[in-house]
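# Report on the structure
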Amino acid sequence: MQPWRISAGLTAALAGCILLLGGPRLHYLGPFWPMILAEHGLALALHLALALAAVAAGIYAVARTTGLADLGSRVGLAERSVRRGEGDSDLTEALRRDAEGDWE
């Protein structure tokens, strides 16, 4: 898995959690939302976009620093080598049976 996918997924999960937890606490602003968005909508949207970009960039930096960037390619390389028959023969046989649809 590539780090940008990790950061995008985690950012979306964090934004969803914040929205679910914080949204009901802003119910008292209900009658004022049209006025708030009319006067401050552009600035609010810009700040939210920059906050999401900062969170995504931070998660991406952590993924690159910790080595998660190469994790997907390493796992793919290990799986291809096992499927070629290098390494554990039981695992190679199990992967062959799984590819054939024999799940017993």
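Now for a quick tour of the structure. None of these values were measured; they are calculated from a predicted model.

When its secondary structure is counted, the chain shows 4 helices and 0 strands. Starting at the N terminus and ending at the C terminus, the chain contains elements arranged as α-α-α-α. For the chain, the spread of C-alpha atoms along the three principal axes comes to 65 × 35 × 20 Å. A fraction of 64% describes how many contacts in the chain between residues 6 or more apart in sequence connect residues 24 or more apart. Of the roughly 8,100 Å² that the chain leaves accessible, carbon and sulfur atoms contribute 69%.

This next bit is on the packing of helix 1 (residues 3-22) against helix 2 (residues 33-66). The contact between helix 1 and helix 2 brings their axes to 8 Å, and the two run at 135 degrees. Of the possible angle classes, the one that applies to helix 1 and helix 2 is oblique. The interaxial crossing formed by helix 1 with helix 2 has right-handed handedness. Along the contact surface, helix 1 presents Pro3, Trp4, Ile6, Ser7, Leu10, Thr11, Leu14 and Ala15, while helix 2 presents Leu52, Val55, Ala56, Ile59, Tyr60, Ala63 and Arg64. Residue composition of the contact of helix 1 with helix 2, by class: 12 nonpolar, 2 polar and 1 charged.

Right, let's get into the side chain of Thr11. Here Thr11 is to be found in helix 1. Residue Thr11 is classed as buried on the basis of its relative accessible area of 9%.

Turning next to a nonpolar patch on the surface. Residues Leu26, Tyr28, Trp33, Leu37, Leu44 and Leu48 make up a contiguous nonpolar surface patch of roughly 560 Å² in combined accessible area. On the secondary structure map, Tyr28 appears in the loop between helix 1 and helix 2.

How each quantity is defined
Residues numbered from 1 in each chain as written. Predicted model: local features only at pLDDT ≥ 70, side-chain atom pairs only at ≥ 80, totals over all residues. Heavy atoms only, no water. Helix = DSSP H or I, 4+ residues; strand = E, 2+ residues; numbered from the N terminus. Contact = heavy atoms within 4.5 Å. Areas by Shrake-Rupley, 256 points an atom, 1.4 Å probe, with all protein chains shown as cover. Axes fitted to C-alpha atoms, helices over the stretch in contact; angles between N-to-C directions. Parallel < 35°, antiparallel > 145°, perpendicular 65-115°, else oblique. Left-handed = near helix turned anticlockwise from the far one by under 90°. Nonpolar A, V, L, I, M, F, W, Y, C, P; charged D, E, K, R; others polar. Buried < 20%, exposed > 50% of the residue type's maximum accessible area, 1.4 Å probe, protein only. Patch = residues over 30% accessible without salt bridge, like charges linked within 9 Å, V, L, I, M, F, W, Y side chains within 5 Å. Salt bridge = Lys/Arg side-chain N within 4 Å of Asp/Glu carboxyl O.

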